[in-house]
Amino acid sequence: MSVKKIGVITSGGDAPGMNAAVRAVVRQGICLGYEMIGVRRGFKGLLDDDFITLTHRSVSGIINIGGTILHTGRCPETKTAAGLNRAVKTIKELCISGLIIIGGDGSLAAGNALSKHGVKVVNIPASIDNDIFGTDETIGYDTALNTAVKAIDNIRDTAASHDRIFVVEIMGREHGFLTVDVGLAAGCEYIIVPEMKPNIKKIAEELKEGKSRGKTSEIIAFAEGCGSSAEFAKDITKLTGFDVRVSNLGYIQRGGTPTARTRILASKFGHIAMDCFNKGKVNILVGIKDGQLSTTPIDVALKQTKKFDTQTVKVLTNLSV
Ligand code: F6P
């Protein structure tokens, strides 16, 4: 009897913990009797025939490493019929019985499209943005959160020393999930997120009022999805006359050693993803809800938008006096 093969892909923006997930998928897959094929550079690997056989040993010593050993990328071809047909053809030629896809919302959409072409897929949510419906947390989120908080701790030192206001730009694409948690954990005075329209005049008034009460420095966490942090800072300067600086945390949020929490989540997701696949439970997204591992049909996850937690914003606002 021929050995069943499964492909594993990391796709979209890298997230710390992708390697821990690859390790878990590969080791559990081998344990269940599969041959594991790594598709390199995201879905592009399916178009360019860029593969690698993964063994127990090829995933040794990677649980603690950020990025992805498989490399990743965004692949617009998965949105075209020609690209999808090419990917399906490759999967058939290689006799791959399905794919485990580790990535964010773009990877979910690609997984859905492939499933409509008859490919069995299981998606594992991995993105620093934590913006995927069907899971309370994505792989990489906790690590990015800690990285951003540490960076803002550093910024606070210089803000306090110079009596300055800082606008700190945080990743998250068109959502503010990362920004709101970073803001609360770093003790920021304001958060600006796409989910809640800011009242800039009110903020300016409060900043002036804060100064009159003896507040000498403030930090505003600004989600990249709200537009230009530089323009926002200029507007605050115009309205207050204060010295406002901008710091864009940028790609440092995507790299670095995954936290223990991220590694645990990635290991559990990888393990359950392979188990689900083996039991024929496919075309799903694995996730965690209220502390329990869960699964959601991919098309359901794609149609829904994750709920934004306005309660956290209220807590932050009440505490930033
Ligand atoms: O989705 C992860 C993310 O880092 C977003 O926060 C950000 O908007 C985007 O990727 C940046 O993408 P790229 O790597 O293509 O510049």
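Here the focus is unusual backbone geometry. For residues that are not glycine, phi is negative in most cases, and the peptide bond is trans in most cases. Phi is positive for D49, close to 55°, though the residue is something other than glycine. Within the secondary structure, D49 is located in the loop between α2 (44-48) and β3 (51-54). Its relative accessible area of 45% is what places D49 among the partly exposed residues. One non-glycine residue, D163, lies in positive phi territory at about 55°. Assignment of secondary structure puts D163 in the loop between α5 (141-162) and β6 (165-170).

Another aspect to go through is the sheet that holds strand β11 (residues 292-297). Pairing between the strands of a sheet comes from backbone hydrogen bonds, and it takes one of two forms, parallel or antiparallel. Here seven strands make up an open sheet; going across it, the order is β3-β2-β1-β4-β5-β10-β11 and the pairing mixed. This sheet does not close on itself; its edge strands, each paired only once, are β3 and β11. Neighbour to neighbour, the strand axes of the sheet diverge by 30° on average, direction disregarded. Bridge analysis of strand β4 (residues 96-103) against strand β5 (residues 121-125) gives five bridges, and the strand direction is parallel. Residue pairing across strands places L99 opposite V121, the latter belonging to β5.

Next up on the list: the pattern of salt bridges. Evaluated as defined, the whole model comprises 17 salt bridges. As a salt-bridge pair, E93 and K89 come within 3.2 Å of each other at their nearest N and O atoms. Of this pair, E93 and K89 both sit in helix α3 (residues 81-93), separated by four residues, roughly a single helical turn. Linking R156 and E189 is a salt bridge whose minimum nitrogen-to-oxygen distance equals 3.9 Å. Of this pair, R156 sits in helix α5 while E189 sits in the loop between α6 (177-185) and β7 (190-192), and the two are 33 residues apart along the sequence. Under the relative-accessibility criterion, R156 is labelled partly exposed at 24%.

Turning next to the packing of helix α1 (residues 18-31) against helix α9 (residues 260-278). As a packed pair, α1 and α9 sit with axes 7 Å apart at the nearest point and diverge in direction by 35°. Seen along the crossing, α1 lies across α9 with a hand that is right-handed. On α9, the residues touching A20, A21, A24, V25, Q28 and G29 of α1 are R263, A266, S267, G270, H271, M274 and D275. Residues that form the contact of α1 with α9 fall into these classes: six nonpolar, five polar and two charged.

Residues in close proximity to the ligand include R74, I128, D129, M171, G172, R173, E224, Y251 and R254, which together make up its full environment. One of the side-chain N or O atoms of Y251 is found 2.4 Å from an oxygen atom in the ligand. Taken by itself the ligand offers 400 Å² of open surface, and the protein chains cover 76% of this. Looking at the shell around the ligand residue by residue, the class counts come to three nonpolar, one polar and five charged. Formed jointly, the shell around the ligand draws a minimum of three residues from each of two domains, domain 1 (5-140 + 258-303) and domain 2 (142-254).

What follows deals with the sheet that holds strand β8 (residues 218-223). A sheet is described by the order of its strands in space; here four strands give the open sequence β7-β8-β6-β9, paired in parallel fashion. Pairing within the sheet leaves two strands with one partner each, and these edge strands are β7 and β9 (244-248). Along the sheet, successive strands turn relative to each other by an average axial angle of 20°, direction set aside. Looking at chain direction, β6 and β8 are connected through six bridges and run parallel. Bridge pairing links V167 to I220 in β8.

This part covers a nonpolar patch on the surface. Residues L184, V315 and L319 make up a contiguous nonpolar surface patch of about 250 Å² in total accessible area. According to the relative accessible area criterion, L319 is exposed, its value standing at 62%.

Okay, the packing of helix α7 (residues 200-212) against helix α8 (residues 229-240) next. Axis separation between α7 and α8 bottoms out at 9 Å; the angle between their running directions is 55°. Here α8 runs oblique to α7, going by the angle between their axes. Note that α7 runs across α8; the crossing there is right-handed. Here I200, K201, I203, A204, L207 and K208 of α7 come into contact with α8, specifically with F232, D235, I236, L239 and T240. Grouping the amino acids of the contact of α7 with α8 by side-chain chemistry returns seven nonpolar, one polar and three charged.

About the criteria used
Residues numbered from 1 in each chain as written. Predicted model: local features only at pLDDT ≥ 70, side-chain atom pairs only at ≥ 80, totals over all residues. Heavy atoms only, no water. Helix = DSSP H or I, 4+ residues; strand = E, 2+ residues; numbered from the N terminus. Buried < 20%, exposed > 50% of the residue type's maximum accessible area, 1.4 Å probe, protein only. Pairing = 2+ DSSP bridges. Axes fitted to C-alpha atoms, helices over the stretch in contact; angles between N-to-C directions. Salt bridge = Lys/Arg side-chain N within 4 Å of Asp/Glu carboxyl O. Left-handed = near helix turned anticlockwise from the far one by under 90°. Contact = heavy atoms within 4.5 Å. Nonpolar A, V, L, I, M, F, W, Y, C, P; charged D, E, K, R; others polar. Near = heavy atom within 4 Å. Polar contact = N/O pair within 3.5 Å; in protein donor to acceptor, adjacent residues only side chain to side chain. Areas by Shrake-Rupley, 256 points an atom, 1.4 Å probe, with all protein chains shown as cover. Domains from an automatic or database assignment. Patch = residues over 30% accessible without salt bridge, like charges linked within 9 Å, V, L, I, M, F, W, Y side chains within 5 Å. Parallel < 35°, antiparallel > 145°, perpendicular 65-115°, else oblique.

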